[in-house]
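Structural overview
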Amino acid sequence: MTTEQTPVPSTARGGVVIDVDSCKGCELCIPVCPPNVLEMSSDRNASGYRYPILHDGCTGCTACQMVCPDYVFTVYRRPRSKKGDGQAG
Amino acid sequence: MSAPSKQLPIVDSTTPPDGTVKVADPNPSLILGAHSLCPGCGEPVALRLLMESLQDLGIVDRSIGVVGHGCYGSFVRIMDIDVLQCLHGRAPSCATGIKRVRPDSVVFTLQGDGDMVNEGLQEVLHSAARAENITCILLNNGVFGDTGGQATATTVVGQRTKTSLDGRDPAKHGYPIPVSDLVASLDGSGYVARGHVGDPGGVTRTKKMIKEALQSQLDGNGLSLVEILTMCPTGWFVPAGEGPNYQQQSMEQTYPMGVLKRPGGAD
Ligand SMILES: Cc1ncc(C[n+]2csc(CCOP(=O)(O)OP(=O)(O)O)c2C)c(N)n1
Ligand code: SF4
Ligand code: SF4
Ligand code: SF4
Ligand SMILES: [Mg+2]
């Protein structure tokens, strides 16, 4: 399934670092992501929970970080570039 | 929108993407490590907002927390702040003592519905009536979560709990007590608000309420209270991911969100 794919570098406006082993698999982060780029893994972490994996297109909006009860997400955003950065996540 | 994104490739989420800057930490530095609460629990989100608010207002060094008994009680082990854990329900009274002895401190309580509304209803009401200059944070999930999900005084009509298996029935169990409305009705309270942490909008608005409540204490306006509806999927017998929906359909129908009272007039 998806989790067996090899991650590629992202070109999106934002990104998240996912602390997989802190996740308790509640899935609260999945529906709140506006561009819908989070999906639960099929693999399990050290505690036996499935965890979110990231598809390309994160905007760095922090919605996932806001609702996560287990402090899993660190959120990053690309600083706005000088002219018409055009590229929207 | 939804389907196409999932077709996009999986990207690396073990290191920050090149050329980006950090915009949010997972938790503030005042939270020292992982907690032991259930998957999908709302209480750790409320803790994060409270700790962030102390940092944002620059009052960490003079803040003292008074924590009650419930699942949130275990936060005393990971909060990097001076705390007193006192008898069940008595936090506003202990906070009263601390604030009176050290008027320059910023004193908050962290209590559940079982703690504040069952075990210690008179403590919060009398503290509010006395206009004690403290901030009470109520984590309301409508159950005694820590002891297995029994009904509390805030359980809403129709809500199924371990002690109301067919749903709370007013004829048998009485009606819920809207503690924030009671506190707001007392002249000694300065700021009262009710928020939730079930979605990003609720999280953002609740953090603003916590900061306004602490500011109200700094301004000497009497007791401030923020009631936060927090998901308890374990006590509600719902899957972790269903907590916000269940809360929206049950507790949020009985307890409307918003600022109930603020200095100089309500909302
Ligand atoms: C005097 C006293 N009575 C009963 C208890 C047992 N007790 C511990 S936690 C708790 C429930 C707390 O419920 P709440 O404040 O709503 O917190 P939650 O676990 O739901 O977050 C109870 C009844 C106790 N510790 N002390
Ligand atoms: S930061 Fe926003 S866009 Fe990126 S994964 Fe989290 S919720 Fe989705
Ligand atoms: S909200 Fe946090 S704990 Fe829950 S599944 Fe997402 S990353 Fe894991
Ligand atoms: S029992 Fe409820 S309040 Fe306690 S940790 Fe579990 S979900 Fe949270
Ligand atoms: Mg409770």
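Structure shown above.
Rules used in this analysis
- Residues numbered from 1 in each chain as written.
- Chains lettered and ligands numbered in written order.
- Predicted model: local features only at pLDDT ≥ 70, side-chain atom pairs only at ≥ 80, totals over all residues.
- Heavy atoms only, no water.
- Helix = DSSP H or I, 4+ residues; strand = E, 2+ residues; numbered from the N terminus.
- Buried < 20%, exposed > 50% of the residue type's maximum accessible area, 1.4 Å probe, protein only.
- Areas by Shrake-Rupley, 256 points an atom, 1.4 Å probe, with all protein chains shown as cover.
- Donors = N, O, S within 2.8 Å, 3.2 Å for Na, K, Ca; no water.
- Pairing = 2+ DSSP bridges.
- Axes fitted to C-alpha atoms, helices over the stretch in contact; angles between N-to-C directions.
- Polar contact = N/O pair within 3.5 Å; in protein donor to acceptor, adjacent residues only side chain to side chain.
- Near = heavy atom within 4 Å.
- Nonpolar A, V, L, I, M, F, W, Y, C, P; charged D, E, K, R; others polar.
- Parallel < 35°, antiparallel > 145°, perpendicular 65-115°, else oblique.
- Contact = heavy atoms within 4.5 Å.
- Buried area = accessible area lost by both parts, 1.4 Å probe.
- Salt bridge = Lys/Arg side-chain N within 4 Å of Asp/Glu carboxyl O.
- Left-handed = near helix turned anticlockwise from the far one by under 90°.

For the rest of this paragraph, the subject is the overall build of chain A. Counting its regular elements, chain A contains 2 helices and 4 strands. When the elements of chain A are put in sequence order from the N terminus, they spell out β-α-β-β-α-β. Put simply, chain A has 89 residues, and 55% of those count as buried. Of the roughly 4,100 Å² that chain A leaves accessible, carbon and sulfur atoms contribute 51%.

The subject of this paragraph is the coordination of the magnesium ion (ligand 5). Residues and elements named next belong to chain B. At 2.1 to 2.2 Å from the magnesium ion (ligand 5) lie its protein donor atoms, namely D113 (OD), N141 (OD1) and V143 (O). Mapped onto the sequence, the residues coordinating the magnesium ion (ligand 5) show the spacing D-x27-N-x1-V. The exposure class assigned to N141 is buried, which follows from its relative accessible area of 4%. Using a relative accessible area of 2% as the deciding quantity, one classes V143 as buried.

All names here are of chain B. Judged by pairing direction, the sheet is mixed, and its 7 strands sit side by side in the order β3-β2-β4-β5-β9-β8-β10 without closing on themselves. Since the sheet does not close on itself, it has two edges, and those belong to β3 (82-85) and β10 (258-261), each with one partner. Averaged over all pairs of adjacent strands, the angle between their axes in this sheet comes to 20°, without regard to strand direction. Both strand β2 (residues 63-67) and β3 contribute to a ladder of 4 bridges, which runs parallel. Bridge pairing links V66 to L84 in β3.

Okay, the environment of S63 of chain B next. With respect to the helices and strands, S63 of chain B occurs in strand β2. Of the polar contacts made by the side chain of S63 of chain B, one reaches the backbone oxygen of I59 of chain B; its length is 2.7 Å.

All right, on to the site of ligand 2 then. Taken together, 15 residues lie near ligand 2, and C33, C58, T59, C61 and C64 of chain A sit nearest. Across the shell around ligand 2, the residue classes tally to 12 nonpolar, 3 polar and no charged.

Residue and element names in this part refer to chain B. Packing of helix α3 (residues 91-101) against helix α5 (residues 121-129) leaves a shortest axis separation of 7 Å and a crossing angle of 40°. Regarding the angle of α3 to α5, the classification is oblique. For the pair formed by α3 and α5, the contact residues are P92, S93 and T96 on the first element and E123, V124 and S127 on the second.

Each partner contributes residues to the interface: chain B has 45 residues there, and chain A has 45 residues. Interface area for chain B against chain A, summed over the two sides, is near 3,600 Å², with a carbon-plus-sulfur share of 63%. Where chain B packs against chain A, one counts 16 residue pairs in polar contact (both at pLDDT 80 or more). Listed by contribution, the elements that provide at least two residues to the side of chain B that touches chain A are α1 (2-7), β1 (21-24), α2 (43-56) and α8 (200-218) of chain B. Looking at which element gives the most residues to the side of chain B that touches chain A, the answer is α2 of chain B, with 5 residues. In terms of residue class, the side of chain B that touches chain A is made up of 24 nonpolar, 13 polar and 8 charged.

Attention now moves to the pattern of salt bridges. Residues and elements named next belong to chain B. Counted under the stated rule, the structure contains 14 salt bridges over all chains. Across the pair R100 and E132 runs a salt bridge, and its minimum N-O distance is 2.6 Å. Taken together, the residues span a long stretch of sequence, with R100 in helix α3 and E132 in the loop between α5 and β5 (135-140) at a distance of 32 residues. Exposure remark for R100: the relative accessible area of 56% places this residue in the exposed category.

Residue and element names in this part refer to chain B. Of all 8 residues making up strand β8 (residues 189-196), 8 are buried, and the element is well covered by its neighbours. Two strands pair when backbone bridges link them, and β8 and strand β9 (residues 223-229) are joined in this way by 7 bridges, in the parallel orientation. Across the sheet, G195 pairs through a bridge with I228, a residue of β9. The sheet contact formed by β8 and β10 spans 3 bridges and is antiparallel. Residue pairing across strands places R194 opposite G258, the latter belonging to β10.

Another aspect to go through is the packing of α2 of chain B against α8 of chain B. How two helices sit against one another is set out by the angle between their axes and by the gap between those axes. Residue and element names in this part refer to chain B. Here α2 crosses α8 at 50°, and the two axes come no closer than 9 Å. As far as their axial angle goes, α8 and α2 are oblique. The way α2 lies across α8 gives a crossing that is right-handed. Between α2 and α8, the contacting residues are V45, R48, L49, L50, E52, S53, L54 and D56 on the first element and V203, T206, K207, I210, K211 and L214 on the second. Its residues assigned to classes, the contact of α2 with α8 shows 7 nonpolar, 2 polar and 5 charged.

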